[in-house]
Amino acid sequence: MTTLTKEPIEVEPARLKWTRERYYAAVDANVIGEDEKVELIGGEIVTEGMADRMTQKAIHYWVLHRIEEILKAAFPTGFTIRTQAPLSLLEDSDPEPDVAVVAGGPDDYREDHPKTAALIVEVSDASLRFDQTYKASLYASAGIADYWIVNVAQRVIEVHREPLADDDRPFGFRYASITQHGPTESISPLASPSSSISVGELLP
């Protein structure tokens, strides 16, 4: 009989990392359907960040529509509001944030997805923890200066700013400034500081 005093150390197997090119090739070959609820994040195909979308909650889409309309009015000419469309961040990530404000017009992105954004907004209910940690670290690592989370359950908007290196986070970055704003407050996008947006108008 052998007595083990310690559990054996389990070594995680190596994972196949997906490049953006391989991911698109899989979509083109219909290995991954275009309507499947997945994202390419850090070289892996994940579904967790799409939890709110998969549940098809009406409130999620109501908030999404409100954000789109309000941001269209808040940003001057020269910006485009994209909803649930990919951003080509870094070399191995194509997240699909609920809303992204990008410089330029739709014709600027006929051939390639935007590689950055002036503002990213996620509408979070079931996916809140994922958006606060994993997505926040990804966006910070890509240099996104302004990231908002519409926290549906707590009825606040979290504003994440000032990307900062942090080796303990999933992508080696986090936001140094995180503030919460309730229904009676107003916030302004960094890229459109003269626009004051009522938080209450964005909340259910």
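Residues numbered from 1 in each chain as written. Predicted model: local features only at pLDDT ≥ 70, side-chain atom pairs only at ≥ 80, totals over all residues. Heavy atoms only, no water.

1. Some points on the confidence of the model for the chain
Then comes step 1: On average, residues of the chain carry a pLDDT of 85, and 78% of them reach 70 or more.
Then comes step 2: Every residue in residues 1–9 scores below 50 in pLDDT, and together they form 0 contacts with partners more than four places removed in sequence or on other chains. (pLDDT = per-residue confidence, 0-100. Contact = heavy atoms within 4.5 Å.)

2. Points about the pattern of salt bridges
Then comes step 1: What the rule picks out here adds up to 6 salt bridges.
Then comes step 2: For Asp-166, the salt bridge is made with Arg-169, and the minimal N-O distance between the two is 3.6 Å.
Then comes step 3: Residue Arg-169 is classed as partly exposed on the basis of its relative accessible area, which comes to 39%. (Salt bridge = Lys/Arg side-chain N within 4 Å of Asp/Glu carboxyl O. Buried < 20%, exposed > 50% of the residue type's maximum accessible area, 1.4 Å probe, protein only.)

3. A few points about the environment of Ala-136
Then comes step 1: Within the element layout of this structure, Ala-136 appears in helix α4 (residues 128–141).
Then comes step 2: Sequence spacing of Ala-136 and Arg-174 is 38 residues, and the spatial spacing of their C-alpha atoms is 6.6 Å.
Then comes step 3: Each residue touching Ala-136, except ones within four places of it in the same chain, is listed here: Asp-131, Tyr-147, His-160 and Tyr-175. (Helix = DSSP H or I, 4+ residues; strand = E, 2+ residues; numbered from the N terminus.)

4. Side note on the sheet that holds strand β6 (residues 146–151)
Then comes step 1: What the 6 strands build is an open sheet, ordered β3-β4-β5-β6-β7-β8; its pairing is mixed. Of all the strands in the sheet, just β3 (79–83) and β8 (173–181) have a single pairing partner and so form its edges. Across the sheet, the mean angle from the axis of one strand to that of its neighbour is 20°, orientation sign disregarded.
Then comes step 2: On the sheet, helix α3 (residues 58–74) packs against β3, β4 (99–103), β5 (119–124) and β6 and is oriented at approximately 160° with respect to β5. (Pairing = 2+ DSSP bridges. Axes fitted to C-alpha atoms, helices over the stretch in contact; angles between N-to-C directions.)

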